[in-house]
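A look at the structure
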Amino acid sequence: MNTTADLKVIYFPSCINRSMGKNRFQDSDDLQLTELTHRLLVRAGFTIIYPESLDTHCCGMPFSSKGFAEANHAQSEALEKELLKASENGKYPVLYDMSPCFYHSKEEFSKTLKIVDPIEFMLDYVMPHLTVKNKKDTVAIFPVCSVKKISKTEQLETLSKLCADKVILIDSNCCGFAGDRGFLIPELNEHGLRELKAQIPTNCKEGYSTSRTCEIGFEKMSGIDFKSIFYLIDEVTR
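I will try to describe carefully the structure that is included in this document. (Residues numbered from 1 in each chain as written. Predicted model: local features only at pLDDT ≥ 70, side-chain atom pairs only at ≥ 80, totals over all residues. Heavy atoms only, no water.)

1. Examining a nonpolar patch on the surface
- A contiguous nonpolar surface patch, about 390 Å² in accessible area, is contributed by Phe183, Leu184, Ile185 and Leu188.
- Note that Leu184 resides in helix H9 (residues 181-184).
- Judged by relative accessible area, which is 69%, Leu184 ranks as exposed. (Patch = residues over 30% accessible without salt bridge, like charges linked within 9 Å, V, L, I, M, F, W, Y side chains within 5 Å. Areas by Shrake-Rupley, 256 points an atom, 1.4 Å probe, with all protein chains shown as cover. Salt bridge = Lys/Arg side-chain N within 4 Å of Asp/Glu carboxyl O. Helix = DSSP H or I, 4+ residues; strand = E, 2+ residues; numbered from the N terminus. Buried < 20%, exposed > 50% of the residue type's maximum accessible area, 1.4 Å probe, protein only.)

Encoded structure:
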C-alpha cells in the first residue's frame with residue numbers, strides 16, 4: 001500500500017473486544033478498544049470497512065476450545081465468506097485486534113485472504129503514517145501464546161521500543177488464562193504468573209499485550225494497568 005487511495009483496511013473487532021468493557025485503571029473518558037482502534041486507523045489515514053452483520057460474527061475459537069467442532073467450523077466459514085466479500089476477494093488487508101483470533105482464523109481459513117495480526121499491522125502499516133511525540137519511560141509487554149506460535153515476539157519488542165525508552169519483556173511460558181479458562185479456574189492464572197511481580201520494576205505502571213483475556217489475568221496478578229498495545233500507540237502518537 002503506497003498511496004492514500006490504497007489505505008483501506010477491513011477491521012474485524014473480535015467478539016471479546018466488542019463485548020468486554022474497560023479495565024479498572026481506565027477513566028470514564030477513555031475509549032473502548034474498538035472505538036480507539038477506529039480513531040487510530042483514521043489518524044493514520046486509513047479508510048475503514050467493517051464486515052456486514054458484524055455482531056453475528058466470531059472466529060469460532062470459543063467453540064473450538066470447548067470441543068464444539070461443528071459450531072466452530074460454521075462460525076469460521078461464515079466469517080471467511082464475509083471477509084472475502086468486504087475485502088473484494090482479498091484486495092485489502094484484514095486487521096484482527098486479538099492475536100489468538102488471528103491465529104485461529106489463519107489455521108481455519110481456506111481461501112487467499114490477507115489477514116494481519118495486530119502486531120504486524122501496527123508495525124508495518126500504521127506506524128509509518130504516525131509520529132511518536134511523547135515516548136513512555138518504561139512499559140511491560142507480554143507476547144501471548146499465539147504470538148509465540150507465529151514468531152512475532154521480536155516484532156512486538158520492536159513495536160514497543162518505538163513507543164517507550166525501556167521495555168520489560170515478561171518471561172513466562174504462558175500466563176495460564178488459557179482462553180477463558182482463567183475465569184473458571186483462577187489457579188491456572190495464579191500459577192502461570194506466580195513470578196510476575198518480581199519482573200516488574202516499581203516505576204513501571206503500565207503493561208501491554210494483544211489478548212484481552214490474558215490482559216485481565218495480568219492486571220489481576222500484577223496490580224498494574226494492563227491493556228492492548230493499541231492504547232500505547234494511540235497515546236504516544238497523539
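Okay, back to it.
2. A closer look at the packing of helix H6 (residues 118-126) against helix H8 (residues 153-161)
- At a closest axis distance of 9 Å, the pairing of H6 and H8 adopts a crossing angle of 45 degrees. What the angle tells us is that H6 and H8 run oblique. Note that H6 runs across H8; the crossing there is left-handed. Between H6 and H8, the residues in contact are Ile119, Met122 and Leu123 and Gln155, Leu156, Thr158 and Leu159, respectively.
- In terms of residue class, the contact of H6 with H8 is built from 5 nonpolar, 2 polar and no charged. (Axes fitted to C-alpha atoms, helices over the stretch in contact; angles between N-to-C directions. Parallel < 35°, antiparallel > 145°, perpendicular 65-115°, else oblique. Left-handed = near helix turned anticlockwise from the far one by under 90°. Contact = heavy atoms within 4.5 Å. Nonpolar A, V, L, I, M, F, W, Y, C, P; charged D, E, K, R; others polar.)

3. Structural notes on the pattern of salt bridges
- On inspection of all chains with the given rule, the structure shows 14 salt bridges.
- Linking Arg24 and Glu219 is a salt bridge whose minimum nitrogen-to-oxygen distance equals 3.2 Å. With Arg24 in the loop between helix H1 (15-19) and helix H2 (33-43) and Glu219 in helix H11 (residues 212-222), the pair connects residues that are 195 residues apart, well separated along the chain.
- Two residues, Lys136 and Glu206, come together in a salt bridge whose shortest N-O distance is 2.9 Å. Of this pair, Lys136 sits in strand S5 (residues 136-141) while Glu206 sits in strand S7 (residues 206-209), placing them 70 residues apart in sequence. With respect to burial, Lys136 and Glu206 carry one shared label: buried.

4. Examining the nonpolar core
- Of all hydrophobic cores here, the largest spans 51 residues; its most connected members are Leu41, Phe46, Phe121 and Met122.
- Mapped by element, the contributors of at least two residues to this core are strand S1 (8-12), H2, H6, S5, H8, strand S6 (164-169), H11 and helix H12 (229-237).
- Ala86, Tyr92, Val94 and Ile150 belong to the second largest nonpolar core, which has 19 residues in total. (Core = buried A, V, L, I, M, F, W, Y, C linked by side-chain atoms within 4.5 Å.)

5. What about the pairing of S5?
- Counted residue by residue, S5 has 5 buried out of 6 residues, so it is predominantly covered.
- Note: S5 against S6, 5 bridges, orientation parallel. Looking at S6, one finds that Ala140 is bridged to Ile168.
- Pairing analysis gives 2 bridges linking S5 to S7, with the strands arranged parallel. The residue of S7 that forms the bridge with Ala140 is Gly207. (Pairing = 2+ DSSP bridges.)

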